[in-house]
Amino acid sequence: GTYNLNRWSTINTLMDFDDAFNAPWYNYENSAAFYKGISPKPVIPNIVLPTLIVNAMNDPFLPPACFPFDEARDSTNLYLEVPEMGGHVGFMQFSRNGTYWSEERAVEFVTGG
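Residues numbered from 1 in each chain as written. Predicted model: local features only at pLDDT ≥ 70, side-chain atom pairs only at ≥ 80, totals over all residues. Heavy atoms only, no water.

Peer 1: Please explain the packing of helix H1 (residues 14–25) against helix H2 (residues 31–38) as it appears in this structure.
Peer 2: For any two helices packed against each other, one specifies the crossing angle of their axes together with the interaxial distance. Between H1 and H2, the shortest axis-to-axis distance is 8 Å and the interhelical angle comes to 75°. Judged by the angle between their axes, H1 and H2 are roughly perpendicular. Contacts between H1 and H2 involve Leu14, Met15, Asp18, Asp19, Asn22 and Ala23 from the former and Ser31, Phe34 and Tyr35 from the latter. (Axes fitted to C-alpha atoms, helices over the stretch in contact; angles between N-to-C directions. Helix = DSSP H or I, 4+ residues; strand = E, 2+ residues; numbered from the N terminus. Parallel < 35°, antiparallel > 145°, perpendicular 65-115°, else oblique. Contact = heavy atoms within 4.5 Å.)

This is how it looks when you write it as structure tokens:
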């Protein structure tokens, strides 16, 4: 009863999908309210531990307007890295050790390397 499956045939965009499925699942009125409600931007100033955010510039779901460039610039604890390639949580390039680049980058960050 959470979803109106009759809307399936009217979905043409990601926003349509979020209006029909994600917003109701998380108790939001629509996709705009959903995106505003789940955005971490308002809490970035509260970050007290060093935090790494990696997001590719070619992410097909997240346009550069949603990247926290200003928040990272103004924070002493937020480190934003925006490589050109990587897609949406992709970063499938393997390193010489056979691990994902994103995994290696995370380990480097937490170990200070």
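Peer 1: So what exactly am I meant to see when it comes to the pattern of salt bridges here?
Peer 2: It is possible for side chains of opposite charge to pair when their charged atoms get near one another. One pass over the structure, following the stated rule, counts four salt bridges. Between Arg105 and Glu81 there is a salt bridge whose closest N-O contact spans 2.6 Å. With Arg105 in helix H4 (residues 101–111) and Glu81 in strand S2 (residues 78–81), this residue pair connects regions lying 24 residues apart in the sequence. On the basis of relative accessible area, Arg105 is assigned to the buried category, the value being 15%. We note a salt bridge from Glu108 to Arg105, for which the minimum N-O separation is 3.6 Å. Taken together, the residues Glu108 and Arg105, both in helix H4 and three residues apart, mark about one turn of the helix. With relative accessibility at 35%, the residue Glu108 sits in the partly exposed group. Salt bridges sharing common partners tie together Asp70, Arg73 and Asp74. (Salt bridge = Lys/Arg side-chain N within 4 Å of Asp/Glu carboxyl O. Buried < 20%, exposed > 50% of the residue type's maximum accessible area, 1.4 Å probe, protein only.)

Peer 1: It is not clear to me how the packing of aromatic side chains should be interpreted in this structure. Could you clarify?
Peer 2: Two descriptors summarise a pair of aromatic rings, namely the distance from one centre to the other and the angle between the planes of the rings. The final tally for this structure, using the stated rule, is eight aromatic pairs. When the ring of Tyr26 is compared with that of Phe34, the centres are 5.8 Å apart and the planes differ by 25°; the resulting orientation is stacked. Judged by its relative accessible area of 48%, Tyr26 is partly exposed. Cluster of aromatic residues (ring-pair linked, three or more members): Tyr26, Tyr28, Phe34 and Tyr35. (Phe/Tyr/Trp six-rings, centres within 6.5 Å; stacked < 30°, edge-to-face > 60°.)

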